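Summary of structural features
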Amino acid sequence: MKIIACVKRVPTTEAQVKIGADGASIDGAGLESMLSFYDDLAIEEAVRSREKHGGEVTVLTLGPSDCSKELREALAKGADKATILLDPSWAARDARSTAKALAAKIQELGADVVFCGRVATDRDQASVGTLLSSYLGFACVTDVVKLELTPTGGTAQRETEAGIETVSFPVPVVITCDKGLNEPRFAGLKGIMAAKKKTIDEVAPLAVENAVVVQKIELPAARKAGRIVGEGAGAVPALMEALRNEAKVL
Amino acid sequence: MTSILVFVEHVRGTPRRASLETLGAATATGLAPIALVTGPDAANTAAALSAAGAKKLVVVTGADKYSPDGTAADIAAAVTAHGAKAFLAAATSTGKDLLGRVAGLLDSAPLADCTAFSFAGGTFTLQRPILAGKAIATVQSKSAVLCATLRPNTFAVASGSGAAEVSTVATKGGKVVVIGVAAKGDAKLDVKEAPVVVSGGRGLREAAGFKIVEDLAAAFGNAAVGASRAVVDSGWRPHGEQVGQTGKTVAPQLYIAVGISGAIQHLAGMRTSKVIVAINKDAAAPIFKVADYGIVGDAFEILPALTAAVKAVKASN
Ligand SMILES: Cc1cc2nc3c(=O)[nH]c(=O)nc-3n(C[C@H](O)[C@H](O)[C@H](O)COP(=O)(O)OP(=O)(O)OC[C@H]3O[C@@H](n4cnc5c(N)ncnc54)[C@H](O)[C@@H]3O)c2cc1C
Ligand SMILES: Nc1ncnc2c1ncn2[C@@H]1O[C@H](COP(=O)(O)O)[C@@H](O)[C@H]1O
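Cut-offs used in this document
- Residues numbered from 1 in each chain as written.
- Chains lettered and ligands numbered in written order.
- Predicted model: local features only at pLDDT ≥ 70, side-chain atom pairs only at ≥ 80, totals over all residues.
- Heavy atoms only, no water.
- Helix = DSSP H or I, 4+ residues; strand = E, 2+ residues; numbered from the N terminus.
- Rg over C-alpha atoms; globule rule 2.2 N^0.38 Å.
- Buried < 20%, exposed > 50% of the residue type's maximum accessible area, 1.4 Å probe, protein only.
- Contact = heavy atoms within 4.5 Å.
- Salt bridge = Lys/Arg side-chain N within 4 Å of Asp/Glu carboxyl O.
- Near = heavy atom within 4 Å.
- Polar contact = N/O pair within 3.5 Å; in protein donor to acceptor, adjacent residues only side chain to side chain.
- Areas by Shrake-Rupley, 256 points an atom, 1.4 Å probe, with all protein chains shown as cover.
- Nonpolar A, V, L, I, M, F, W, Y, C, P; charged D, E, K, R; others polar.
- Disulfide = S-S within 2.5 Å.
- Pairing = 2+ DSSP bridges.
- Axes fitted to C-alpha atoms, helices over the stretch in contact; angles between N-to-C directions.
- Domains from an automatic or database assignment.
- Buried area = accessible area lost by both parts, 1.4 Å probe.
- Core = buried A, V, L, I, M, F, W, Y, C linked by side-chain atoms within 4.5 Å.

When helices and strands are tallied, chain B shows nine helices and 18 strands. In terms of C-alpha radius of gyration, chain B reaches 21 Å, essentially the compact-globule figure of 20 Å for 317 residues. In terms of overall dimensions, chain B has a C-alpha envelope of 60 × 40 × 35 Å along the principal axes. For chain B, the proportion of its 317 residues judged to be buried stands at 60%. For chain B, contacts bridging at least 24 residues in sequence account for 65% of all contacts bridging at least 6.

As a further point, take the environment of G235 of chain B. Secondary-structure assignment places G235 of chain B in the loop between helix 6 (229-233) and strand 16 (254-258). Sequence separation between G235 of chain B and D41 of chain B is 194 residues, and the spatial gap between their C-alpha atoms is 38 Å.

Moving on, we come to the pattern of salt bridges. Pairing between side chains becomes possible if they bear opposite charge and their charged atoms approach one another. For the structure on display, the rule yields 35 salt bridges over all chains. One salt bridge connects E148 of chain A with K146 of chain A, and the closest N-O pair in it is separated by 3.7 Å. One salt bridge connects E214 of chain B with R237 of chain B, and the closest N-O pair in it is separated by 3.0 Å. With E214 of chain B in helix 5 (residues 211-220) and R237 of chain B in the loop between helix 6 and strand 16, this pair connects stretches of sequence that are 23 residues apart. Since its relative accessible area comes to 33%, E214 of chain B is described here as partly exposed. A single network of salt bridges, built from pairs that share partners, joins D143, R158 and E165 of chain A together with D97 and R101 of chain B.

Let's shift gears to the site of ligand 1. All names here are of chain B. Not every one of the 26 residues close to ligand 1 is listed here, only the nearest: R202, S228, T246, S261 and Q265. Contact between ligand 1 and S261: an oxygen atom at 2.7 Å from a side-chain N or O atom of the residue. Residue H266 places a side-chain N or O atom 2.8 Å away from an oxygen atom belonging to ligand 1. If ligand 1 stood free it would expose 990 Å²; the protein chains cover 81% of that surface. At the level of secondary structure, the elements contributing two or more residues to the shell around ligand 1 comprise helix 6 and helix 7 (264-270).

Another aspect to go through is unusual backbone geometry. The general pattern is negative phi for most residues beyond glycine and trans for most peptide bonds. In this chain, V171 of chain A is followed by P172 of chain A through a cis amide linkage whose omega measures 5°. Of note, D107 of chain B is a non-glycine position whose phi angle comes to about 55°, a positive value. Following the sequence through the fold, D107 of chain B ends up in the loop between helix 4 (93-106) and strand 7 (111-114). Residue D107 of chain B is classed as partly exposed on the basis of its relative accessible area, which comes to 34%. If you check the backbone angles, R205 of chain B has positive phi at about 70° while not being a glycine. Inspection of the secondary structure puts R205 of chain B in the loop between strand 14 (196-200) and helix 5. Among the residues examined, R205 of chain B registers a relative accessible area of 57% and is labelled exposed.

With that settled, the discussion passes to the site of ligand 2. Residue and element names in this part refer to chain A. Lining the immediate surroundings of ligand 2 are 17 residues, of which C6, D39, A120, A126 and S127 lie closest. S127 is positioned such that a nitrogen or oxygen atom in its backbone is 2.8 Å from an oxygen atom of ligand 2. Surface burial for ligand 2 is 98%, taken as the share of its 480 Å² of free accessible area covered by protein chains. Listed by contribution, the elements that provide at least two residues to the shell around ligand 2 are strand 4 (56-63), helix 3 (95-109) and strand 6 (113-117). In terms of residues, the shell around ligand 2 owes the most to one element, strand 4, which gives three residues. Looking at side-chain class alone, the shell around ligand 2 contains 10 nonpolar, five polar and two charged residues.

Residues and elements named next belong to chain A. Enumeration over the complete set of coordinates arrives at zero disulfides over all chains. C6 carries a free sulfur, and the closest cysteine sulfur to it, the one in C116, is 4.2 Å from it. Judged by its relative accessible area of 5%, C6 falls in the buried class. Here C67 is not disulfide-linked; the sulfur of C6 is the nearest cysteine sulfur, at 13 Å. Given the relative accessible area of 2%, C67 is considered buried.

This part is about the sheet that holds strand 15 (residues 223-227) of chain B. Spatial ordering of the open sheet is given by 13(A)-18(B)-17(B)-16(B)-14(B)-15(B), a layout of six strands whose pairing is parallel. Unpaired on one side and paired on the other, strand 13 (227-231) of chain A together with strand 15 of chain B mark the two borders of the sheet. Averaged over all neighbouring strand pairs, the angle between strand axes comes to 20°, with direction disregarded. Those strands touched by helix 6 (residues 236-246) of chain A are strand 13 of chain A together with strand 16, strand 17 (275-280) and strand 18 (293-296) of chain B, and its axis lies near 175° from that of strand 18 of chain B.

This next bit is on the domain arrangement of chain B. Residues and elements named next belong to chain B. What the domain assignment lists for chain B is domain 1 (3-170) and domain 2 (196-316). Taking the mean C-alpha position of each, domain 1 and domain 2 sit 32 Å from one another. Across the contact, six residues belong to domain 1 and nine residues belong to domain 2. Together, the buried faces of domain 1 and domain 2 total about 640 Å²; carbon and sulfur atoms form 53% of this surface.

Core analysis: the largest hydrophobic core is formed by 43 residues, its most contacted members being I106, V114 and L132 of chain A together with L5, I75 and F87 of chain B. Broken down by element, this core gets its largest block of residues, six residues, from helix 3 of chain A. With sequence-adjacent residues up to four places away left out, V114 of chain A is seen in contact with I4, C6, I106, L132, F138, V173, V174 and I175 of chain A.

Here we take up the pairing of strand 9 (residues 123-130) of chain B. All names here are of chain B. Of the strand pairs in this sheet, strand 8 (residues 116-120) and strand 9 are connected by five bridges, and their pairing is antiparallel. Bridging across to strand 9, F117 finds its partner in L126. Connecting the antiparallel pair strand 8 and strand 9 is a turn made up of two residues, with G121 showing a positive phi of about 55°. Across six bridges, strand 9 lies against strand 10 (residues 135-141) in antiparallel orientation. Counted as the bridge partner of R128 is A137 from strand 10. Joining the antiparallel neighbours strand 9 and strand 10 is a turn of four residues, in which L131 adopts a positive phi near 50°.

Turning to the sheet that holds strand 9 of chain B, a few remarks are in order. Across the sheet, which stays open at both edges, the four strands sit in the order 12(A)-10(B)-9(B)-8(B) with antiparallel pairing between neighbours. Taken across any chain shown, the strands that pair with only one partner, and hence form the sheet edges, are strand 12 (212-218) of chain A together with strand 8 of chain B. With direction set aside, neighbouring strand axes in the sheet form an average angle of 20°.

This is the structure in structure tokens:
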């Protein structure tokens, strides 16, 4: 099976955000980064699928050169190859332009299964996986919490507001991974040593103009100062009074 | 007249509120909203959708089992057939799943989970929270057809008059098919859509501690239970209830955080709630920094009293 895991570098979830001088970007200086939380699940599921069905796992990112740090870790966890679509302005690409560049590379590499995260925790689009499926003509299942994959297709469970949906799909397919699908492994010493011998390709991505124009990025309005209405159960009447007559939400 | 195509979700012919809100946002632009519905009983939505602003209704027939890629193809075809300038859906599981598929078919750049939406001088301007609400981006779409999902609980439902003109089309069908749904017990409200959310954290000590949270949610009647990641990771609550950066982003009228410290990742998911109440035994807990009202003390003592008080108010209303 030819398997690709798409991963993206994002600011850590602890990061305090600063707005860039142009007022339309995030100031990246001093911002610590990590692989998007759900992309670790994508790497894990890709490696597990290879362990079960054989084949090869390629980790793919559109990002900066020093993403090799994160990719090296994915290689240590068992991925076979890694490719960086090198773009210094990757963070400014919209979802369409990102997905077009990834799709072009996936087409070139060939794939039976593409794993993505449910959402990248920077722009919160949750769109790149489904865009890829439309560009590639692949099936796609999103927000997957359980996967039964065979070389020709399979079933997946996804979490929705209505409950757990069971979905059938053919291969080739794009799967977006949600929490609960697996517990990502840690890289062992053996894996870390093996990863040193694996290659990370750097190639130029397809250039695609953005179709979304960012006018401004602002911090959310600060919440107005609240107050402690009291201590213990004795404070309940004061809270009820505030909710009914001040906030008018009851 | 220029139109906007809105995908409407429904439960046996009753449109979901989040879809009606999306229709409301489309109506507010002054463009003509076209609603697209699919699945069994789809045609039964006609009256409710006309009353909520739909000028036309496209009923997709033959889609007895839901297919996401099939539905995306049906939507893209309807957008093209009607020359619609935009495709909108509510930012629910289904709406978010459709967004990129449809945008891919229409070569549009999708915009997910938007909290403001307007149309002026031929251009759509939208706002969307990024980094789980730590920042808000204002963006314009240059795509020939705008594709976006709108956050539930954010836009008003419109009122329309007259009867929408109904047409039917047969589904194109798709490769991916929903073959079963294990429904949640007693049609529980989802945290993303409920007007009131009562969330619990590690302060509840154990899974059984959530009884007091469930009781308070039940007293409201229109509340959903939410959870911090700490308790989801401990297996006390399902992941679908997790609020925060790696869970759901919610914006209810009233959010009550019980035994939750208020870590930055949790705050990211709930700080745009209209009113926030915090109950925590530690007066220095960061949750009090975003709360409108706080009670310092033991949740196991406070919640039963609060539940009784809410019940009394609901009974007298
Ligand atoms: C990558 C990443 C992503 C994350 N994503 C999320 C996310 O999406 N959502 C999320 O919530 N967290 C997330 N977290 C975790 C977050 O950092 C915190 O660890 C978590 O929110 C803490 O949960 P808590 O408030 O329930 O527990 P704690 O921080 O342990 O707080 C428990 C609180 O309960 C209070 N308490 C104790 N006993 C009582 C009592 N009897 N009555 C009243 N109060 C009491 C305590 O004073 C304390 O404030 C993430 C972390 C990382 C690293
Ligand atoms: N720049 C990128 N490089 C590689 N994969 C990406 C990139 N952006 C998004 N993805 C993939 O698409 C998923 C969803 O991203 P998004 O649509 O931005 O929320 C991520 O979890 C990744 O798997």
